[in-house]
Amino acid sequence: MSTPFWGPDFDALQQQDPEIAGVVLNELDRLRGGLQLIASENLTSPAVLAALGSTLSNKYAEGYPGRRYYGGCQVVDVAEEIGIARTKELFGAEHANLQPHSGASANLAAYAAFAKPGDTVLAMDLKQGGHLTHGSKVNFSGQWFNAVSYTVREDSELIDYDQVRDLAREHRPKIIIAGATAYPRLIDFKAFREIADEVGAIFMVDAAHFIGLVAGQAIPSPVPYADVVTATTHKVLRGPRGGMILSRAEHAKALDKAVFPFSQGGPLMHSVAAKAVAMKEASTPEYQAYANQVIANAQALAKSLEAEGMRAVSGGTDTHLALIDLRPVGVTGSEAEARSDAARITLNKNAIPYDPAPPMKPSGIRVGSPSVTTQGMVEADMAEIGRLLARAVKAAQGTAAGDAELADVAEAVSALVARAPAYPRP
Ligand code: DSN
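Going along each chain's sequence as written, the residues are numbered from 1 onward. Two thresholds apply to this predicted model, a pLDDT of at least 70 for residue-level local features and 80 or more for giving and counting side-chain atom pairs, whereas whole-chain, interface and lining totals are computed over all residues. The side-chain values count all of the structure's non-hydrogen atoms but skip hydrogen atoms and water molecules.

A. Layout of the packing of aromatic side chains. Two aromatic rings from Phe, Tyr or Trp, using only the six-membered ring of Trp, form a pair when their centres are within 6.5 Å; if the ring planes differ by under 30 degrees the pair is stacked, by over 60 it is edge-to-face, and anything between is tilted. Enumeration over the complete set of coordinates arrives at ten aromatic pairs. Measuring from ring centre to ring centre gives 5.6 Å for tyrosine 161 and phenylalanine 192, while their planes differ by 75 degrees; the resulting arrangement is edge-to-face. A residue pair is termed long-range when its members are at least 10 positions apart, and tyrosine 161 in helix H7 (residues 161–171) and phenylalanine 192 in helix H8 (residues 189–199) qualify at 31 residues. In this structure tyrosine 161 comes out as buried when scored by relative accessible area, which is 18%. The rings of Tyr111, Phe140, Trp144 and Phe145 are connected pair by pair, giving a single aromatic cluster. Should the NZ of a Lys or the CZ of an Arg lie within 6 Å of a ring centre and within 35 degrees of the ring normal, that charge is described as sitting over the ring. Of note, arginine 238 hangs over the ring of tyrosine 290, and the distance from its end group to the ring centre comes to 4.2 Å. Helix and strand assignments follow DSSP, with helices taken as H or I runs no shorter than four residues and strands as E runs no shorter than two, numbered in order from the N terminus. Classification of residues uses two cut-offs on accessible area relative to the type maximum, computed with a 1.4 Å probe and protein chains only: under 20% is buried, over 50% is exposed, and between them is partly exposed.

Following this line, the structure appears as structure tokens:
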């Protein structure tokens, strides 16, 4: 290496643009000063951040390694080749594409590879834990495709596989999608595969939420069952914000073409390189221990909230997130989100299955353990977080007593995060 590293230079940013430098510092302070319980977020490593903040951001590299539409790609090719090899190895996948800019872009490409506008797709209802790209009417998936939705059972709040089979037989979808954003339980990929085979559908798994748990071998993998697995790289997996696609070799060409040139132009090579770094990190025994701890922590948090009178949807969790029904404590999800925010606990309001309340004032919250587990928290910390969160949720914000309680909880949160800080100071 003859050239010195020319990476993130925070002094230069502070000198040239103090306003944006201030935003960057304020966000770091926010992360350090509170608890991040948003199930889809995590705290990436300094190594991932270094790759993201590198000159690889400059390079146009439309195409794929060795087959680019620009000169000068010989260096970034190496990053993508390493990233693809690591990803295939980590997930035992025959093919990997690291270029999707996001999970939504990965899903768009997967649809494009296997279906034409007007075709039928079968996926989980957004209101019951699915995703916008699983057929919502406000999204391309619901406008360009005939989207049919399956639900969870009202009694168990688990996916109704009998209903999935019935709908598949009735509608003969081109693609059947498994995967969700607010489903706390394991998904039976074998059952989905059998249904897809019976009706001749492509089986796609949107593993964005749980792919990091698969990487850490903490839950079963969809890769042996699915034709295509789409995912994000920034959730439990703890990589840069972005998407990826895994598939069987037979679908490689169609998927690569659906990413570029069909739905994207130049890949974000700094992000592709950062994804490669994340795959290396996720291949270690330390990461496997992390993934298992993520689940143990989510379970401890759900238990603690239940002890405080709330209800965990489906009775608990097998993953990194829990969906909490707040009706037993008489608080809406929006109130809980605002109160938690005031107590420096960040989470999101969320609809629960068969929610009688409107989407902007749903009955629940979604909590997740990826970020706090990265900070080194364990079950005992999660029990404490549960107690603090319950105090915040129940505090009557806007009254003197409620606001004092929230200030008190915020102080306790500060003390807790001081013991296990995010991005500890050197
Ligand atoms: N918006 C993400 C989440 O929070 O689950 C999914 O894309």
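B. Up close: the packing of helix H12 (residues 285–307) against helix H15 (residues 379–394). Axis geometry follows a simple rule: fit a line to the C-alpha atoms, using only the stretch in contact for helices, then measure angles between N-to-C directions, giving values from 0 to 180 degrees. Relative orientation of the contacting elements H12 and H15 amounts to 35 degrees, with a least axis distance of 8 Å. Considering the relative orientation of H12 and H15, their crossing is right-handed. Across from Gln293, Ala296, Asn297, Ala300, Leu301, Ser304 and Leu305 in H12, the residues of H15 making contact are Glu379, Met382, Ala383, Ile385, Gly386, Arg387, Leu389 and Ala390. Of the residues in the contact of H12 with H15, the class split is nine nonpolar, four polar and two charged. Note on convention: near helix rotated counterclockwise from far helix by under a right angle means a left-handed crossing. Clockwise means right-handed. Here, residues are in contact when the closest pair of their heavy atoms is within 4.5 Å. We call Asp, Glu, Lys and Arg charged. Ala, Val, Leu, Ile, Met, Phe, Trp, Tyr, Cys and Pro are nonpolar, and the rest, Gly among them, are polar.

C. How the structure looks around the site of the ligand. Neighbouring residues are identified by heavy atoms, a residue being near a molecule or strand if any of them is within 4 Å of it. If you check the shell around the ligand, you find Ser40, His131, Thr181, His209 and Arg366 and nothing else. Contact between the ligand and serine 40: an oxygen atom at 2.7 Å from a side-chain N or O atom of the residue. Measuring from an oxygen atom of the ligand, one finds a side-chain N or O atom of histidine 131 at 2.9 Å. Bound to the protein, the ligand loses 62% of the 230 Å² it would expose on its own. For the shell around the ligand, the per-class residue count stands at no nonpolar, four polar and one charged. We define a polar contact as two N or O atoms separated by no more than 3.5 Å, with the added condition that, inside protein, one atom must be a possible hydrogen donor and the other a possible acceptor, whereas residues neighbouring each other in sequence contribute only through side-chain atom pairs. Residue exposure ignores everything except the shown protein chains as possible cover, and the areas themselves are Shrake-Rupley values with a 1.4 Å probe.

D. A look at the UniProt feature "modified residue: N6-(pyridoxal phosphate)lysine" (unreviewed entry) in the chain. Per the UniProt record, "modified residue: N6-(pyridoxal phosphate)lysine" (unreviewed entry) is annotated on Lys235. Assignment of secondary structure puts lysine 235 in the loop between strand E9 (228–232) and strand E10 (243–247). Excluding residues within four positions of it along the chain, lysine 235 makes contact with Ser40, Asn42, Ala208 and His209. UniProt positions are given in the numbering used here, feature names are shortened, and annotations may be inferred rather than shown by experiment.

E. Expanded view of the sheet that holds strand E14 (residues 348–350). Strand pairing is assigned whenever DSSP identifies at least 2 bridges connecting the two strands. Taking strand neighbours across the sheet as the criterion, the four strands line up as E11-E12-E15-E14 in an open arrangement whose pairing is antiparallel. In this open sheet, the two edge strands, each paired with only one partner strand, are strand E11 (311–312) and E14. Pairing of strand E12 (residues 321–325) with strand E15 (residues 364–368), which is carried by five bridges, proceeds in the antiparallel orientation. Bridge pairing links aspartate 325 to glycine 364 in E15.

F. Structural detail: the environment of glutamate 94. You can see glutamate 94 is positioned in the loop between helix H4 (74–91) and strand E4 (95–97). By relative accessible area, which is 52% here, glutamate 94 ends up exposed. Through-space distance from the C-alpha of glutamate 94 to that of serine 247 is 6.2 Å; in sequence the pair is 153 residues apart. Excluding residues within four positions of it along the chain, glutamate 94 makes contact with Lys88, Ser247, Arg248 and Ala249.

G. Layout of the confidence of the model for the chain. pLDDT is a residue-level measure of predictor confidence that goes from 0 to 100. For the chain, mean pLDDT is 97; residues scoring 70 or higher make up 98% of the total. Considering each helix and strand of the chain separately, the mean pLDDT is smallest for helix H1 (residues 10–16), with a value of 91, and largest for E4, with 99.

H. Fine view of the side chain of asparagine 350. Tracing the sequence through the fold places asparagine 350 in strand E14. Judged by relative accessible area, which is 15%, asparagine 350 ranks as buried. A distance of 3.2 Å separates a polar atom in the side chain of asparagine 350 from a polar atom in the side chain of asparagine 348. In contact with asparagine 350, not counting residues within four places along its chain, are Ala182, Leu323, Asp355, Pro362, Ser363, Gly364, Ile365 and Arg366.

I. Quick peek at the packing of H7 against H8. Look at H7 against H8: their axes get within 10 Å of each other, and the N-to-C directions meet at 15 degrees. As judged from the angle between their axes, H7 and H8 are roughly parallel. For the element pair H7 and H8, the recorded crossing hand is right-handed. For the pair formed by H7 and H8, the contact residues are Tyr161, Val164, Arg165, Ala168 and Arg169 on the first element and Ala191, Phe192, Ile195, Glu198 and Val199 on the second. Looking at the contact of H7 with H8 residue by residue, the classes come out as seven nonpolar, no polar and three charged. Orientation categories follow fixed angle ranges, with anything under 35 degrees roughly parallel, anything over 145 roughly antiparallel, 65 to 115 roughly perpendicular, and all other angles oblique.

J. Seen up close, the nonpolar core. One finds Phe91, Ile159 and Phe192 to be the most contacted residues of the largest nonpolar core, which totals 57 residues. Considering every element that reaches this core, the biggest residue donor is H8, with six residues. Discounting residues that sit within four places of it in the chain, phenylalanine 192 has contacts with Tyr150, Ile159, Tyr161, Val164, Ile176, Ile177, Ala178, Ile187 and Phe203. Grouped together as the second largest cluster of nonpolar side chains are 34 residues, Leu305, Ala312, Met377 and Met382 included. Take the buried residues of types Ala, Val, Leu, Ile, Met, Phe, Trp, Tyr and Cys, join any two whose side-chain atoms come within 4.5 Å, and each joined set is a nonpolar core.

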